[in-house]
Amino acid sequence: MAVIEISGLTKSYGKTQALRGIDLSVKQGEVHGFIGMNGAGKSTTIRILLGMLKKDGGEVKLLGGDPFKDCVELHKRLAYVPSEINPWPNLSGGEVIDLLSRMRGKPDPKRRAQLIERFQFDPGKKCRSYSKGNRQKVALIAALVSDVELYIFDEPTSGLDPLMESVFQDCVREMAAQGKTVFLSSHILAEVEKLCDRVTIIKEGQIVESGSLRELQQFSRLIVHAECARPVTGLQIPGVYGLRCEGNKASFSVDAAALNVALKKLTEYETVSLHCAPPELEDLFLHYYAKDDETQ
């Protein structure tokens, strides 16, 4: 069953088209990554899912309902963490956590205490005294303490140090093991790669690719690192991209169809070592966002 189902979604701000007919599906129990540059349409999509914006066209289903018409009921079944949170300055962090979490039912006090300890958070201070990272912890704890069907995270680790990022990642893995659905928008590609079952890449309001990392890797270039006995030259051949040569070492990406030709060319320079692997998520992301005049 699809927890999020989007078909032909469009949204414009005046003459600016933010979303140009996107299709997106998130299955129950999966961790789904949603990535793209700033201004690509990620936040607009999330705001429409949350009922904060009205779509111009297309169809959107969230937990089987209409996110705009059924907003109040649907929000009892989901938890949302934005990239920026400014809680009530005169309330303590603990009071804000309780206020937000009670909107989705009665929170488990044991779970609340565990999360506060794991995130090394002081709930007794007034929110006006918190750093950005601690304000983010307020939203994360309030969301994670809630027993809901869907968690929507929009740059959730913004302001957190690496240790707290790791704690968040552990929490997501635990939720996934419990069959919860997570929709994660993050600029930290390593985080998405570690956590997500499937990834959707959005560019200029359009979906350019969607699938598991393994599926996406099959349609992209391979990454080659080679060391030869002699300096490498003459690899400017069709299907080889982004060639970088430093002395006897060469790195490049190559279309699968051109791999044999490239490797045969490398043997002319007496290859000493060779590493060839599918791209990581960062490589895929840069591939889709590469300039049209990419050096070949």
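My aim in this report is to walk through the structure given alongside it, one point at a time. (Residues numbered from 1 in each chain as written. Predicted model: local features only at pLDDT ≥ 70, side-chain atom pairs only at ≥ 80, totals over all residues. Heavy atoms only, no water.)

## Observations regarding the nonpolar core
As a rule of thumb, nonpolar side chains are buried together in soluble globular proteins.
Part 1 of the reasoning: Core analysis: the largest hydrophobic core is formed by 68 residues, its most contacted members being Ile4, Phe119, Phe153 and Phe183.
Part 2 of the reasoning: Per-element tally for this core: the top contributor is helix H5 (residues 132-144), with seven residues.
Part 3 of the reasoning: Counting residues in hydrophobic clusters, the runner-up holds 16 residues, among them Val232, Val254, Ala258 and Leu259. (Core = buried A, V, L, I, M, F, W, Y, C linked by side-chain atoms within 4.5 Å. Buried < 20%, exposed > 50% of the residue type's maximum accessible area, 1.4 Å probe, protein only. Helix = DSSP H or I, 4+ residues; strand = E, 2+ residues; numbered from the N terminus.)

## What to know about helix H6 (residues 162-177)
Part 1 of the reasoning: In a regular helix each residue adds 1.5 Å, so 16 residues correspond to 22 Å; H6 covers 23 Å between its end C-alpha atoms and thus fits that length.
Part 2 of the reasoning: Buried within H6 we find Met164, Glu165, Val167, Phe168, Gln169, Cys171, Val172 and Met175.
Part 3 of the reasoning: Those residues of H6 that are buried are in contact with strand E3 (31-35), helix H4 (109-118), H5, strand E6 (150-154), strand E7 (181-185) and helix H7 (189-195).
Part 4 of the reasoning: One or two steps after H6, the chain reaches Gly179, where phi turns positive at roughly 85°. (Expected span 1.5 Å × (residues − 1). Contact = heavy atoms within 4.5 Å.)

## Here we look at the layout of surface pockets
Part 1 of the reasoning: Here the largest pocket defines a volume of roughly 480 Å³.
Part 2 of the reasoning: In terms of lining residues, the largest pocket is bounded by 21 residues, among which His75, Tyr80, Leu100, Met103 and Arg104 are the most central.
Part 3 of the reasoning: For the lining of the largest pocket, the secondary-structure elements that each account for two or more residues are helix H2 (71-74), strand E5 (78-81) and H5. (1 Å grid on protein atoms, 1.4 Å probe; cavity = no way out; pocket = protein on both sides within 12 Å on 5 of 7 lines; lining within 4 Å. Points joined across faces, edges and corners; volume = space filled by probe spheres on them.)

## Here we look at the packing of H4 against H6
Part 1 of the reasoning: The interhelical angle for the contact between H4 and H6, taken along N-to-C directions, is 145°, at an axis separation of 10 Å. For the pair H4 and H6, the contacting residues are Arg111, Leu115 and Arg118 in the first and Met164, Val167, Asp170, Cys171 and Glu174 in the second.
Part 2 of the reasoning: A class-by-class count of the residues in the contact of H4 with H6 yields four nonpolar, no polar and four charged. (Axes fitted to C-alpha atoms, helices over the stretch in contact; angles between N-to-C directions. Nonpolar A, V, L, I, M, F, W, Y, C, P; charged D, E, K, R; others polar.)

## Structural notes on the sheet that holds strand E10 (residues 222-228)
Part 1 of the reasoning: Strand order in the open sheet formed by four strands is E11-E12-E10-E13, and the pairing between neighbours is antiparallel. Unpaired on one side and paired on the other, strand E11 (240-246) and strand E13 (271-277) mark the two borders of the sheet. The sheet shows a mean angle of 15° between the axes of neighbouring strands, direction not considered.
Part 2 of the reasoning: In this structure, E10 lies alongside strand E12 (residues 249-254), joined through six bridges in antiparallel fashion. Each residue of the ladder has a partner; that of Val224, found in E12, is Phe252. (Pairing = 2+ DSSP bridges.)

## Details of the packing of aromatic side chains
Part 1 of the reasoning: Counting across every chain of the model gives four aromatic pairs.
Part 2 of the reasoning: Taking 6.2 Å as the distance between ring centres and 15° as the angle between the ring planes, the aromatic pair formed by Tyr151 and Phe153 counts as stacked.
Part 3 of the reasoning: Since its relative accessible area comes to 2%, Tyr151 is described here as buried.
Part 4 of the reasoning: Pairwise contacts between aromatic rings join Tyr151, Phe153 and Phe168 into one cluster. (Phe/Tyr/Trp six-rings, centres within 6.5 Å; stacked < 30°, edge-to-face > 60°.)

## Let's talk about the side chain of Lys137
Part 1 of the reasoning: Mapped onto the elements, Lys137 comes out in helix H5.
Part 2 of the reasoning: In this structure the side chain of Lys137 is engaged in a polar contact, spanning 2.8 Å, whose partner is the backbone oxygen of Phe119.
Part 3 of the reasoning: Dropping the residues within four chain positions of it, Lys137 is found in contact with Phe119, Gln120, Phe121, Leu160 and Met164. (Polar contact = N/O pair within 3.5 Å; in protein donor to acceptor, adjacent residues only side chain to side chain.)

## Observations concerning the sheet that holds E3
Part 1 of the reasoning: Read across the sheet, six strands follow the order E5-E6-E7-E3-E8-E9 without closing on themselves; strand pairing throughout is mixed. Two strands lie at the open edges of the sheet, namely E5 and strand E9 (206-211), each paired on one side alone. On average, adjacent strands in this sheet sit at an angle of 15° to one another, irrespective of strand direction.
Part 2 of the reasoning: As paired strands, strand E8 (residues 198-203) and E9 are joined by five bridges and run antiparallel to one another. For Ile202, the partnering residue across the bridge sits in E9 and is Ile207.

## Points about the pattern of salt bridges
Part 1 of the reasoning: Overall, the coordinates contain eleven salt bridges when judged by the stated rule.
Part 2 of the reasoning: For the salt bridge of Asp147 with Lys180, the shortest nitrogen-to-oxygen distance reads 2.5 Å. Within this pair, whereas Asp147 is found in the loop between H5 and E6, its partner Lys180 is found in the loop between H6 and E7, the two being separated by 33 residues in sequence.
Part 3 of the reasoning: Taking the shortest distance from any N to any O, the salt bridge between Asp170 and Arg173 comes out at 3.1 Å. Placement of the pair is Asp170 and Arg173 together in helix H6, with a separation of three residues, close to one helical turn.
Part 4 of the reasoning: Residue class for Arg173 comes out partly exposed when judged on its relative accessible area of 37%. (Salt bridge = Lys/Arg side-chain N within 4 Å of Asp/Glu carboxyl O.)

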